Amino acid sequence: MASSYKDEDGHITVSGSGAAAGAGGGSLRSKKPENTAFKQQRLPAWQPILTAGTVLPAFFIIGLMFIPIGIGLYVTSNNIKEFEIDYTGVEMSSPCFTCAQNFSWNGTKPCTCSVPFHLDQPYESNVFMYYGLSNFYQNHRRYVKSRDDSQLNGNEESLRKPSKECEPYAKHGNKPIAPCGAIANSMFNDSLELIYNDPNGTKVQIPLTATGIAWWTDKHVKFRNPGAENTNLTVVFQGTTQPVNWRRPVFQLDSDPDNNGFINEDFIVWMRTAALPTFRKLYRIIQRRSNVHPTLPRGNYTLEVVYNYPVRSFEGRKRMILSTISWMGGKNPFLGIAYISVGSVCFLLGVVLLIIHHKYGNRNNAAEISH
Amino acid sequence: MERFHWVRHRCRQLLSVDSERGWYSPPDGFPSKSSLQRVSGKRRTVLARHGPHQQEYEAVSRKYKGNGIRTTKYSLLTFIPMNLFQQFHRSLHRFANVYFIFLATLNFIPIVEAFQPEVSLIPILLVLLVTAVKDIFEDHRRFKSDRLINNLLCQVYCSKQKSYVDRCWSDVRVGDFVRLSCNEIIPADLLLLYSSDPRGVCYIETANLDGETNLKQRQVVSDSSLQGSDFTPESFHSRIECENPNNDLNRFKGYIEHSGEARVGLHSSNLLLRSCTIRNTETVVGIVVYAGHETKAMMNNSGPRYKRSQLEKRLNTDVLWCVALLIVMCLTAAVGHGLWVKNYRHSVFQVDGEISPALAGFYVFWTMIIVLQVLIPISLYVSIEIVKLGQIYFIHNDLDFYNEQLDSRIQCRALNITEDLGQIQYLFSDKTGTLTENKMVFRRCSIYGVEYPHVENGVISGMSLPPVGERLLLGKSMSCRSLSCNRSSVSLHTLTAESPEEEDQLSNHAAARTGAFCSRMAKDVVPDPELVRKLNSLCSSTLRLRDSSTESLSTLELTYITDFFLALAICNSVVVSSPSQPRHVVPEAQAPLKSLEEIKLMFQRLNFYSFSTPQIKGSPRSFTSKLFTRGKTGSFNFNTPPSNSIDGSDLALDTSQETYVQSDEDSDDELLYEAESPDEAALVHAARAYHCTLRGRSAKSLLVDLPGIGSLVVQLLHILPFDSNRKRMSVVVRHPLTGQVVVYTKGADSVIMDLAEKRRGSEQAQEIYKHIRQQTQKHLDMYAREGLRTLCIAKKILEEDEYEVWLKRQLLAESSIENQEELMLDSAERLENDLTLLGCTGIVDRLQEDVPETIEALQEAGIKVWVLTGDKQETAVNIANACKLLLSNDRLLTANCGSKDACAALLEELLIEVRREEDGEESSLHSTSNFILVIDGRTLEWALQDELKASFLELSCKCKAVICCRSTPLQKSQVVQLIRDKIGVMTLAVGDGANDVSMIQVADVGIGISGQEGMQAVMSSDFAISRFKHLKKLLLVHGHWCYHRLANMILYFIYKNVMYVNLLFWYQFFCGFSGSVMINSWVLILFNLVFTSVPPLIYGILDRDMPADTLMKLPELYGAGGTTKIYIPATFWITILDAFYQSVVCFFVPYFALAGSDVGILSFGSPINTSALFIILLHQVIESNTLTWIHMLVLLLSTILYFGFVLIYSAFCVVCSHPTNLFRVETVQMSQPLFYIICALTTFIALLPRY
């Protein structure tokens, strides 16, 4: 009797103290922390432990993956044909030397020069014609800032009142500059023509397409002429003045109304500032005409330059580049080489580690076992 | 023992409460007139609000604050400006915020601006916003609690209604009369004018103020005119002059001036402090002198503690390095830009062509500071706080820190030193209550030289499950006892070595019984059967005198036993209360039983024999001869039984005993003892187990139940309270039975044994006494060896004239003002001599569970464990033994010396010994003995002096552990400070009592154990745990983790910043150091603040380098194994270098891949930024040791957020974000395979060395 009573009591005590020491029992909220995996920090976890078993295959796999990619990239890059010619006219012998020497932004009479060159191989498919500038810091902070996006987006108010970011190229005299800013002001204004010297003596001008060189969104969304569609640009830009270094106002950049004003593609391309001081910008596209003839056959060419753009003040260089492009862009052997070498290094490391592992790993294991 | 007395001592100092007679320590007491005059400019006058001096009251009280409190910092209107102001004044964030503001303003200067101004405001706004939200949250909580407090009701006298009416606390003004009844909380600082207690005292509990739960006594203003039953506020015309509000709790000076009468001094014992609770007093009335924020309680309210962690200090140096790095980078840029400008002064792309290179360079310097601002990991501070909160959250939620008995978790009071837990090198532990339970359980006692082992008791207290409940039902215990008696008697003889089976049996048995014996306080005592038998014979002997069972007892022994328990019951300062009538004095009940007279008679007779009177000189001989020959004594003593109708009284007693048992049950339910120390409570409970129950206490008398006798009123003449010099306390009472004046003294064995040396009286008596003394000493030694806390109980019978003489002196001493303390001491010493030793008690304070394992683990972890205790050396060593601090092959170095020179010599000697041993150890590898230094308080005093510090340090460093016994709280903190400062290690102090507070505060990490001794330790601690064993997991697991996590997080954070910022820096080489960026400014700012801010937090909160059980199993992993090595300068610089490498890869791979092409600025930045994101995230994946789904989720979210933001931003934002308009850049980029090829290559190369 007594013992059973005690048992009961004992049982009650145990359960009671389990719930809460206080009198409330179950009704009292216990301060006991919840026993969840999260709160008790017992969440299942994956521990990235680097062992020979995981590292070696990883090295091999990466090596095996990278090398083919590298080879692919390298081959692609090598298949790209690229031709580059410097027409700055620094040397006395250069045809553009004279033009380079007597330069002024406001010169009325354009200086022209012709640079002959020779293409060793025919260029199939579309050929992209670039102009390249060296030592031109389009990425300079003040330079980059010096534009008014809303003006370029066709905002009438900004047209009249350019942003202060454009200073000191916001106004000329009392008139607002359109397009304002240093970037627009320093727009590249050489015009380049390609002439193919046919072996039979005739000179064939290569047709250059001036449209499609800017991003579609830039041309159609970001850059817009002020005013409604198809209005006369001359009227729209009434009351503004051209940038100081420009020879023509912005509404006379091109005769094609779809390529004039702010949506002139040369202008748009220029306005997308380059990342590095040596850069190229797309100038024209030479469309492939037929499947039979190459776009640019092998042979002699002449680059006719209207030399407007001065680069000597900053020891810059001007180049003309002809290039075919591939899915990976222009010619650049770096990526391919990098991939190949990284892949090879990985592979080699894998091999070395494998050898080490074979030589010493077993011994270690043996030693551990013998312990 | 000493420690609780220290506590008492301290609280007395603190609140200058004194015992019955009300002697006040002079320093706090009466202000001399001159001093009052001196401070007259700074005093306040209090007049009754509704008294006759209305106008004067208005004039005087106008500037006094009301009682409403407002602890909120802000109101709705003032929040924004105030919060901003506060944030910039907060010490922690000040630097960060000022830095942000500095950057933001820099960015508003057009010439140096790097981003649009609004972008650069984002970081500061975000930080301010986060902090503000946190502040609002906190403030709202404060507001709610304020409102709660302000709306509490109290009774305030209203002159219109001529009665006390309920008012809100906030409406109480200075000069109001407040009436409070028992258990009410005091609304403001009141001057006590009236108490229902006839002596004009009132008890308050200051738990809300200082956590002490014992009662303090307050005195009505010592002015007869006020006291009395007819106190009415109307009749109060006095003027009170007192100090201006200050925060000194134990100081209150002033005087009360009645109209035209003399001044009466006021002191702190007249003051009822706000937020204390009235106890044990029906009604009190007081006049408000300080209200609201001017109360002492409020003025003492200081903010939360802030400790700077070690890691943060290191971090600060690294942040300085980052600053240096930043400046170097900016200088490079500035110089570079200067040169560049010089070369290209008049280029077509040079916007400000006319600027001089130097000036341009200067501007660029500042621009670069803005551009590279993230290099200074300011948001790191916020991140660290968040991480620590997360860590605290997990510590707080750890199931292993949950204590079921107390229903308590770990309390994390300091939020910012979690990682210090992982670097502890020295642990200083208190003994009592920390290593041990501090549940003092009466374990055994020795009376009259006879030892009562209380075997069952030992079993119970040896159990891991502490008994729960509060019932000691006599009937049940009796029945249990009858069941267990056989066993225990068996075990008594055989169980010296405690065979495991029997122990099991017994503990099973005991465990089954816990339902009946459960006591939350674990104060229950299973009486020793032998002693119960003897004690029972007291009642039976008087009533059933012919019963043969009484024959076996010597009456002298019986008196000893009775006196012993009486002493246990009354020689204390325990306050009795019952839950139904909380803390009220149990009304004095009389109704002594019929046989009282008889017992009295017996007692007189016994005393007559055993002590004093020389008249029966002859008889003791026969008495002693019969003392040890059983059988005869009984008849000898009780040959003249005074009882008459035996049968009738037999019957009567039988019934009365039954009813007594009944009433005992009932009353046991009710009685609650509130002792100042667990020891006292244990003794009172022990006495109660023998039915020697303290039922109530009033100022002049004590109500005691005696077994078989019933309630007796014991007239209390004096209490000589404990002090640490005397190491004892005494009560002077008039013995209820004999009517003699008796002094009962309870104190440390060493003192009592000395005082009980001499005995007057006959040779035989002396012989017996000597025997008792010897036996008792033997038992004392045994107890000490067992690690029990020993106390000796002694008594002394005073002759009336003797008492008179003493009383005069005592009163003189009390009334004296100068050197009162000395006089009191002197007086006490005069009383406490020639004591008769009654016996001694052994109180077990058993070790908490798993203490040895914990200490072992901590030592394995490389933490030196020191024990600092106020206990005796033997006890301390014993406990050290028990908790495996001291192993059998350790060598004990004991340092006890009396003088400084001796101490110096001793230290030198020990040092030489240790050194020799060390040298020997080097040659012979197998000697494993470690040194344990045991040093006592006095020696420590010398050792801590400047000249000896060095050798003490050296010695203690060479020892495995140090045990400081008999140390004072000050010494404890000095030791900690010495070690902390001189060796420069991380120290942790753990303790549970008020005497550990200073140590806890001094140590780098202070841990309080929420135990039996109030809350002071917890209040002053950084972490409060309920069990010592929790330290193991707290340090080994959480400490390790927290340190690892935080250190890695910081490194990762710095890495992240350096890596990212360097990308921008490298670009400067290609943009003429112009401060141009190739990444959109929003992306740039948000990259750190949003896209990559959560992963390091998760890393810092959730990473586990090793699983918890591994860390628990292998404590070695804690110490030198790695934790302290993570965050050292080398790792910092390696991290920086790694960041540099990665940024170089991350920048130059895309550079070479895109160089010479027609790539635009932002198109160029896009793959770089994306690669950086991948590198940073994958870097963490590689670095972190655990990856849970949370990690994955966060990483995924970061990526998605980045791409989502960038894509949406670049898709729809046509003209926004001026210089770095992202329109269509990213979409175009991400549609090109080249982008992915570059990203993959970059990420892989950057992370390759990590493999």
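Bear in mind the structure is a predicted one, so any value in this text is a computation, not a measurement. (Residues numbered from 1 in each chain as written. Chains lettered and ligands numbered in written order. Predicted model: local features only at pLDDT ≥ 70, side-chain atom pairs only at ≥ 80, totals over all residues. Heavy atoms only, no water.)

1. Points about the interface of chain B and chain A
- On the side of chain A, 82 residues touch chain B, which itself brings 92 residues to the contact.
- When the buried area of chain B at its contact with chain A is split by residue, Val 348, Phe 349 and Val 351 of chain B rank highest and sum to 10% of it.
- Inspection of the region where chain B meets chain A yields zero salt bridges.
- The interface formed by chain B and chain A includes 18 residue pairs in polar contact (both at pLDDT 80 or more).
- With eight residues, the single largest contributor to the side of chain B that touches chain A is helix α43 (residues 1233-1247) of chain B. (Contact = heavy atoms within 4.5 Å. Buried area = accessible area lost by both parts, 1.4 Å probe. Salt bridge = Lys/Arg side-chain N within 4 Å of Asp/Glu carboxyl O. Polar contact = N/O pair within 3.5 Å; in protein donor to acceptor, adjacent residues only side chain to side chain. Helix = DSSP H or I, 4+ residues; strand = E, 2+ residues; numbered from the N terminus.)

2. Focus: the sheet that holds strand β9 (residues 254-257) of chain B
All names here are of chain B.
- Read from one edge to the other, the open sheet built from four strands follows the order β1-β8-β9-β10, with strand pairing classed as antiparallel. Two strands in the sheet have a free side with no partner beyond their single neighbour: β1 (43-47) and β10 (263-266). Direction aside, neighbouring strands of the sheet carry axes that sit 20° apart on average.
- The sheet contact formed by β9 and β10 spans four bridges and is antiparallel. Bridge pairing in β10 places Gly 254 opposite Leu 266. (Pairing = 2+ DSSP bridges. Axes fitted to C-alpha atoms, helices over the stretch in contact; angles between N-to-C directions.)

3. Notes on the pattern of salt bridges
Residue and element names in this part refer to chain B.
- Tallying each qualifying case throughout the model produces 24 salt bridges over all chains.
- As a salt-bridge pair, Lys 949 and Asp 946 come within 3.4 Å of each other at their nearest N and O atoms. Of the two residues, Lys 949 and Asp 946 both sit in helix α30 (residues 946-958), three residues apart, roughly one turn of that helix.
- Judged by relative accessible area, Lys 949 falls into the partly exposed class, the value being 22%.
- Judged by relative accessible area, Asp 946 falls into the exposed class, the value being 59%.
- Each member of the salt-bridge network shares a partner with another, and the members are Asp 398, Asp 400 and Lys 1033. (Buried < 20%, exposed > 50% of the residue type's maximum accessible area, 1.4 Å probe, protein only.)

4. Observations regarding the domain arrangement of chain B
- Domain assignment breaks chain B into domain 1 (68-152), domain 2 (172-300), domain 3 (379-392 + 1041-1248), domain 4 (411-435 + 848-915 + 930-1025) and domain 5 (529-539 + 554-582 + 670-817 + 824-844).
- Taking the mean C-alpha position of each, domain 4 of chain B and domain 5 of chain B sit 34 Å from one another. (Domains from an automatic or database assignment.)

5. Thoughts on the UniProt feature "transmembrane region" (unreviewed entry) in chain A
- UniProt annotation of "transmembrane region" (unreviewed entry) refers to residues 49-75 and 334-356 of chain A when read in the numbering used here.
- Summarising residues 334-356 of chain A: 100% helix, 0% strand, and an end-to-end C-alpha distance of 32 Å. (UniProt positions renumbered as here; feature names shortened; annotations may be inferred.)

6. What to know about the sheet that holds strand β25 (residues 789-798) of chain B
All names here are of chain B.
- Strands sit in the order β17-β16-β26-β25-β24-β23-β22-β21-β20 across an open sheet of nine strands; the sheet is antiparallel. The open sheet terminates on both sides in strands that have one partner only, identified here as β17 (450-452) and β20 (693-697). In this sheet, neighbouring strand axes are inclined to one another by 25° on average, regardless of whether the strands run parallel or antiparallel.
- The pairing of β20 with strand β21 (residues 701-706) spans four bridges and is antiparallel. Note that in β21 the partner of Thr 693 across the bridge is Asp 705.
- Relative to the sheet, helix α23 (residues 763-786) contacts β16 (441-447), β17, β25 and β26 (836-844), its axis offset from that of β26 by approximately 15°.

7. Quick notes on the side chain of Asn 1057 of chain B
Residue and element names in this part refer to chain B.
- Mapped onto the secondary structure, Asn 1057 falls in helix α34 (residues 1030-1068).
- On the accessibility criterion, Asn 1057 (2% relative accessible area) is buried.
- Here the side chain of Asn 1057 touches Val 374 through a polar contact of 3.2 Å, landing on its backbone oxygen.
- The contacts of Asn 1057, once residues within four sequence positions are left out, are Val 374, Leu 375, Pro 377 and Asn 1088.

8. Describing the packing of helix α39 (residues 1129-1154) of chain B against α43 of chain B
All names here are of chain B.
- For the pair α39 and α43, the least separation of the axes is 9 Å and the interaxial angle reads 150°. The angle between α39 and α43 places the two elements in the roughly antiparallel class. The two elements α39 and α43 cross, and the hand of that crossing is right-handed. Here Tyr 1141, Gln 1142, Val 1145, Cys 1146, Val 1149, Pro 1150, Ala 1153 and Leu 1154 of α39 lie close against α43, whose contacting residues are Leu 1234, Ile 1238, Leu 1241, Thr 1242, Ile 1245, Ala 1246 and Leu 1247.
- A class-by-class count of the residues in the contact of α39 with α43 yields 13 nonpolar, two polar and no charged. (Parallel < 35°, antiparallel > 145°, perpendicular 65-115°, else oblique. Left-handed = near helix turned anticlockwise from the far one by under 90°. Nonpolar A, V, L, I, M, F, W, Y, C, P; charged D, E, K, R; others polar.)

9. Regarding the nonpolar core
- In terms of nonpolar packing, the biggest core is built from 127 residues, with Leu 372, Met 1078, Phe 1147 and Phe 1164 of chain B touching the most fellow members.
- It is α34 of chain B that contributes the most residues to this core, 18 residues altogether.
- When neighbours within four sequence positions are excluded, Phe 1147 of chain B is seen to be in contact with Leu 1063, Trp 1066, Tyr 1067, Phe 1070, Met 1078, Phe 1164 and Ile 1168 of chain B.
- With 75 residues, the next largest nonpolar core counts Ile 85, Tyr 87, Ala 214 and Tyr 307 of chain A among its residues. (Core = buried A, V, L, I, M, F, W, Y, C linked by side-chain atoms within 4.5 Å.)

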